[in-house]
Amino acid sequence: MKRSTVIKTRNWNWNAVLLILISLSINIIGSVAFNAPRSVGVGVSVRIGTGTGGTCAASTCTMRPGEQRCFSRSRNLGASSATTAEVGGSNSRPNLLSFSRVLWRFTRPHTLIGSALAIPTIHALAAPSYSAMLSVSNLLSMLYAMLPALFMNLYITGLNQITDVEIDKINKPDLPIAAGDLSVRDATIVVVVALALSLWMGLANPMFGSQGLNLALWGSGILGTMYSLPPFRLKRFPLLAAFCIVAVRGTIINAGFFAHAKVAAFGSPVGSVLHYLVNDRACKLSSVFFGIFGIVIALMKDVPDVEGDELADVRTFSVRIGQKRIFHTMKRLLTSLFFVFGAGFMKAALSATAMPVILTRALVGTLAFVAGISVNKEAAGVNPEDSKDVYGYYMHLWKLFYLSYLVLPFAR
């Protein structure tokens, strides 16, 4: 048998096994939804009574021939609610749609969207030309990296919620576990399946399972575990927590997926993440930019969470130094970051000779200045000690984070 035929057969076998594993994981998660009533609607109120004409007259009753039993149930699923009525003694089971909504909230969608934007835009940045961005190999590499990355994002954010239930009941009572919409047992099943799928997919395919992809998955998984899980629980120590954020949001994600794209999508013989981090200017600058942005997001997240963190003895910078100082320091840091990069791209535009390069660099520089102005404008009137005010501002920073990734392919 020829070597090319062997490789194709092996790839087909790996892909077949991968599809089977994904199918099994979906079945496991689905079985959690249908067979575990605790997964949604914990704290269900039940009223049982007797009467005629469909009206319940009491909270309890003894059934007699000819009488009716009425059930009135109400569930609070975040912003949505449903009321069901049944005749008979069978228990209602949560439907797949309800569980999907709870699972979507459990993923912390704003972080999931950030990861989903990062992978294609980093692939585009790694492309040797704009036409290469649209190649089939780039599309396949991007899609293959996307799924395990999103599974890993689910694992990290889910694990943090599992270990912070009591804190979240104070700081973020609308999160699924804290709100009683998802049990710890079922959440644990979801994150374990997500972790297993993510790491397995990184190793499964010999063509797309690059060193960069596996560094991104394993590195973020290990640091995410150490950040949340005892006995490490690095989130208790501000400097170590900041290191985790910088490492994941900066080096691991940007340099890891950049190296993956170079090898899996564009055929580079060099697969070392360190090589691109040291020698490739685009990779280096994107890692620095998003590493600093990651610090801002991480520390700003802690500003409205002081009450719960203090009670749990999680000594964040906001607890140690104060909400106002952290809020204003992070605002100034992010403003400076945008202005410095904006000035850098404007200077690079002036030194360029090709008109397309001049225009793209000028566009990136202009957007950076606009984003920097927006950081200050949106902060006006925000009370750092008001949780709702700060959370609204925090979500605005995530929008700027998304914008930064959307602009990344043109940052050349």
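Residues numbered from 1 in each chain as written. Predicted model: local features only at pLDDT ≥ 70, side-chain atom pairs only at ≥ 80, totals over all residues. Heavy atoms only, no water.

Caption draft 1: Spatial organisation of the overall build of the protein. For the protein, the count of helices and strands is 16 helices and three strands. Per-residue burial for the protein yields a buried fraction of 48% across its 412 residues. For the protein, restricting intrachain contacts to residue pairs at least 6 apart in sequence, the fraction spanning at least 24 positions comes to 70%. When the accessible area of the protein is evaluated, it comes to approximately 20,300 Å², of which 65% is carbon and sulfur surface. (Helix = DSSP H or I, 4+ residues; strand = E, 2+ residues; numbered from the N terminus. Buried < 20%, exposed > 50% of the residue type's maximum accessible area, 1.4 Å probe, protein only. Contact = heavy atoms within 4.5 Å. Areas by Shrake-Rupley, 256 points an atom, 1.4 Å probe, with all protein chains shown as cover.)

Caption draft 2: Geometry of the packing of aromatic side chains. Scanning all chains against the criterion turns up 17 aromatic pairs. Relative to F410, the ring of Y130 lies with its centre 6.4 Å away and its plane at 35°, an arrangement referred to as tilted. Taken together, the residues Y130 in the loop between α3 (109–126) and α4 (136–163) and F410 in the segment after α16 (387–407) connect sequence positions 280 residues apart. In this structure F410 comes out as partly exposed when scored by relative accessible area, which is 35%. Here a set of aromatic residues connected by ring pairs shows up, and it is made of F289, F290, F293, F338, F341, W398, F401, Y402 and Y405. (Phe/Tyr/Trp six-rings, centres within 6.5 Å; stacked < 30°, edge-to-face > 60°.)

Caption draft 3: A look at helix α15 (residues 355–379). Given a rise of 1.5 Å per residue, 25 residues ought to cover 36 Å, and the 36 Å separating the end C-alpha atoms of α15 matches this to within 8%. The set of residues buried in α15 consists of T360, R361, V364, G365, A368, A371, G372, S374, V375 and A379. At its buried positions, α15 is contacted by α11 (281–302), α14 (323–351) and α16. Count one or two residues on from α15 and you reach G381, which has phi positive near 85°. (Expected span 1.5 Å × (residues − 1).)

Caption draft 4: Just the confidence of the model for the protein, in detail. With 77% of its residues at a pLDDT of 70 or more, the protein shows a mean pLDDT of 81. Across residues 1–12, where pLDDT falls below 50, the model places four contacts with residues more than four positions away in sequence or in other chains. Across residues 28–92 the pLDDT falls below 50, and counting only partners more than four positions away or on other chains, this stretch makes 117 contacts in the model. (pLDDT = per-residue confidence, 0-100.)

Caption draft 5: Quick peek at unusual backbone geometry. Put simply, P230 and P231 share a cis peptide bond, and its omega is 5°. Note on placement: P231 falls in the loop between α8 (211–228) and α9 (238–265). The phi angle at R233 is positive, at roughly 45°, despite the residue not being glycine. Note on placement: R233 falls in the loop between α8 and α9.

Caption draft 6: Focus on the pattern of salt bridges. Considering all chains together, one arrives at seven salt bridges under this definition. Of the charged contacts in the structure, one is a salt bridge between K169 and E166, with a shortest N-O distance of 3.3 Å. Placement of the pair is K169 and E166 together in helix α5 (residues 165–171), with a separation of three residues, close to one helical turn. Its relative accessible area of 44% is what places K169 among the partly exposed residues. The partner of R185 in a salt bridge is D186, with the nearest N and O atoms 2.9 Å apart. Taking relative accessible area as the criterion, R185 reaches 42% and is therefore assigned partly exposed. One network of salt bridges, in which partners are shared, links D164, R233 and K235. (Salt bridge = Lys/Arg side-chain N within 4 Å of Asp/Glu carboxyl O.)

Caption draft 7: Structural context of the side chain of T360. By the element assignment, T360 lies in helix α15. With relative accessibility at 18%, the residue T360 sits in the buried group. Not counting residues up to four positions away in its chain, the partners in contact with T360 are Y130 and F410.

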